[in-house]
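Residue strings, one per chain:
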Protein chains: 2
Amino acid sequence: MTHKNALDTLQAYGIHPSVQRIAIMDYLLKHRTHPTVDEVYVALSKAIPTLSKTTVYNTLRIFSEHGAALMLTIDEKKVCFDGVVTPHAHFMCKRCGQLADVQLPGCFRECQPLGVDFSVEETHLYYKGICKSCATKAGV
Amino acid sequence: MTHKNALDTLQAYGIHPSVQRIAIMDYLLKHRTHPTVDEVYVALSKAIPTLSKTTVYNTLRIFSEHGAALMLTIDEKKVCFDGVVTPHAHFMCKRCGQLADVQLPGCFRECQPLGVDFSVEETHLYYKGICKSCATKAGV
DNA sequence: TTATAAATTTGTATTGTTTACAATGCAAAT
DNA sequence: ATTTGCATTGTAAACAATACAAATTTATAA
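Just so we're clear, the structure is a prediction, and the values are computed from it rather than from any experiment.

Reading guide: rules and limits
Residues numbered from 1 in each chain as written. Chains lettered and ligands numbered in written order. Predicted model: local features only at pLDDT ≥ 70, side-chain atom pairs only at ≥ 80, totals over all residues. Heavy atoms only, no water. Phe/Tyr/Trp six-rings, centres within 6.5 Å; stacked < 30°, edge-to-face > 60°. Helix = DSSP H or I, 4+ residues; strand = E, 2+ residues; numbered from the N terminus. Buried < 20%, exposed > 50% of the residue type's maximum accessible area, 1.4 Å probe, protein only. Domains from an automatic or database assignment. Buried area = accessible area lost by both parts, 1.4 Å probe. Salt bridge = Lys/Arg side-chain N within 4 Å of Asp/Glu carboxyl O. Near = heavy atom within 4 Å. Polar contact = N/O pair within 3.5 Å; in protein donor to acceptor, adjacent residues only side chain to side chain. Nonpolar A, V, L, I, M, F, W, Y, C, P; charged D, E, K, R; others polar. Contact = heavy atoms within 4.5 Å. Pairing = 2+ DSSP bridges. Expected span 1.5 Å × (residues − 1). Axes fitted to C-alpha atoms, helices over the stretch in contact; angles between N-to-C directions. Parallel < 35°, antiparallel > 145°, perpendicular 65-115°, else oblique. Left-handed = near helix turned anticlockwise from the far one by under 90°. Least-squares fit on C-alpha atoms with pLDDT ≥ 70 in both.

Quick look at the packing of aromatic side chains now. Each aromatic ring pair is summarised here by two numbers: the centre-to-centre distance and the angle between the ring planes. This model, assessed by the stated rule, comprises 4 aromatic pairs over all chains. The interplanar angle of 10° and the centroid separation of 3.4 Å between the aromatic rings of A:F118 and B:F91 together place this pair among those described as stacked. Of this pair, A:F118 sits in strand β5 (residues 118–131) while B:F91 sits in strand β3 (residues 89–93), which puts the two residues in different chains. Overall, the relative accessible area of 14% leaves A:F118 in the buried class.

Structure follows, in structure tokens:
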């Protein structure tokens, strides 16, 4: 199947479901656009008019704490969230700001940090540069 | 030599020097603690009482735009800066928040992003987890 | 079912970081 | 001496994110 079920996903990560949590997880699973808190809030406010932005903040934090979503801090201006938690990298265009998924280099699995005295719970890899679209526009 | 010269570094990256810029670069080169804007501002205010925090913001942004410093957005609460621009990874302890340098895995050099249609200008790799000190304290 | 407790949500107030912008300062060039 | 252009300063404003307490919902027990 293309999309995992929101309710099942919550339960798989030990997160107690609620209308709001299901709606937010559903949005994450169906919109792989790395949305911000505000984007999720605006999008869901139509269906859930009483939704509070605080709830979106709290819920997305809970998701990331339980490993059900990724918190991306690539853009220094805003935190983004990713419902895809399988290992992958990201790319951000410095010009247009778009955030895209990138397949991990094949050898990356064997790349473990060297001589470290800490336990690794998350690994983040991302690239910044100029996307093709922006390069074409500006390049001339 | 241990520390590069601040003035030389600015000129090497095509950044017009000034008292403030030299002082900020000098601080970065001598304090490899991944300081925040505020930390730089507070530290330099003693020597330069008229220093404006806006200048620190502007200057550090200019540094990172010219490749003379790295802007680290690992901690979602605050942006940090790194005067060490040679390739290396980072580790952040989720409990105490410390940010440490980590040697890149040897194989990492060969790890290039796959099938991408963008030019890579920056590569960021970091780990999150629990440092030994925190693990020892809490672990028991 | 009703009562009680626990968890979740809501909305406002607040905090704190970052940016915008206009005024000022400064130094090199004319 | 004047102009030009960039850098700096400081205030105001924007904005993201959090704290907190009240309200609501859900779960549990009687």
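Now, onward.
With that settled, the discussion passes to the domain arrangement of chain A. Residue and element names in this part refer to chain A. Taken domain by domain, chain A consists of domain 1 (4–82) and domain 2 (89–137). Computed over C-alpha atoms only, the centres of domain 1 and domain 2 are separated by 22 Å. A buried area of about 710 Å², summed over both sides, lies between domain 1 and domain 2, and 65% of it is on carbon and sulfur atoms. Along the contact surface separating domain 1 from domain 2 lie 0 salt bridges.

Turning to the protein's contact with DNA strand C, a few remarks are in order. Inspection of the region around DNA strand C gives 13 residues, with A:S18, A:Q20, A:R21, A:T55 and B:Y57 positioned closest. In DNA strand C, atoms within 4 Å of the protein come 75% from sugar and phosphate. Contact between DNA strand C and A:R21: a phosphate oxygen at 3.1 Å from a side-chain N or O atom of the residue. Separating a phosphate oxygen of DNA strand C from a side-chain N or O atom of A:T55 is a distance of 2.9 Å. Secondary-structure elements contributing two or more residues to the surface near DNA strand C are α2 (19–30) and α4 (53–65) of chain A together with α4 (53–65) of chain B. For the surface near DNA strand C, the class distribution of residues is 3 nonpolar, 8 polar and 2 charged.

Each partner contributes residues to the interface: chain A has 36 residues there, and chain B has 36 residues. Linking chain A with chain B are 18 residue pairs in polar contact (both at pLDDT 80 or more). Alignment of β5(A) against strand β5 (residues 118–131) of chain B, held across 13 bridges, turns out to be antiparallel. Among the inter-strand pairings, A:C131 is bridged to a residue of β5(B), identified as B:F118.

Okay, the pairing of β5(A) next. As defined by bridge partners, strand β3 (residues 89–93) of chain A adjoins β5(A) across 4 bridges and the pair is classed as parallel. Pairing of A:M92 across the sheet is with A:K128, part of β5(A).

Residues and elements named next belong to chain B. In this model, helix α2 (residues 19–30) (12 residues) spans 16 Å end to end at C-alpha, consistent with the 16 Å of a helix rising 1.5 Å per residue. Taken as a whole, α2 has its buried residues at A23, I24, M25, Y27, L28 and L29. On its buried face, α2 is in contact with α1 (6–12), α3 (37–45), α4 and β2 (80–82).

A packed helix pair is summarised by two numbers, namely the angle formed by the two axes and the spacing between the axes. Residue and element names in this part refer to chain B. α4 packs onto α3 with a crossing angle of 125° between their chain directions and a minimal axis gap of 9 Å. Judged by the inter-axis angle, α3 sits oblique to α4. Every pair of crossing elements has a handedness; the one defined by α3 and α4 is right-handed. Taking contact as the criterion, the partners of V37, D38, V40 and Y41 in α3 are, on α4, K53, V56, Y57 and L60. For the contact of α3 with α4, the class distribution of residues is 6 nonpolar, no polar and 2 charged.

Here we come to the relation of the copies chain A and chain B. Taken as rigid bodies, chain A and chain B are interconverted by a rotation of 179° and an axial shift of 0.1 Å, the fit giving an RMSD of 0.2 Å. On this basis, the relationship between the two copies can be described by a two-fold rotation axis. Of every C-alpha in chain A, the one belonging to A:L125 sits nearest the axis of rotation, 2.3 Å from it. A shared interface surface links the copies, since 100% of the contact residues of chain A are contact residues in chain B too.

Spatially, β4(A)-β3(A)-β5(A)-β5(B)-β3(B)-β4(B) is the arrangement adopted by the 6 strands of the open sheet, whose pairing is mixed. At either margin of the open sheet sits one strand with a lone partner, and together these are β4 (99–102) of chain A together with β4 (99–102) of chain B. The sheet shows a mean angle of 30° between the axes of neighbouring strands, direction not considered.

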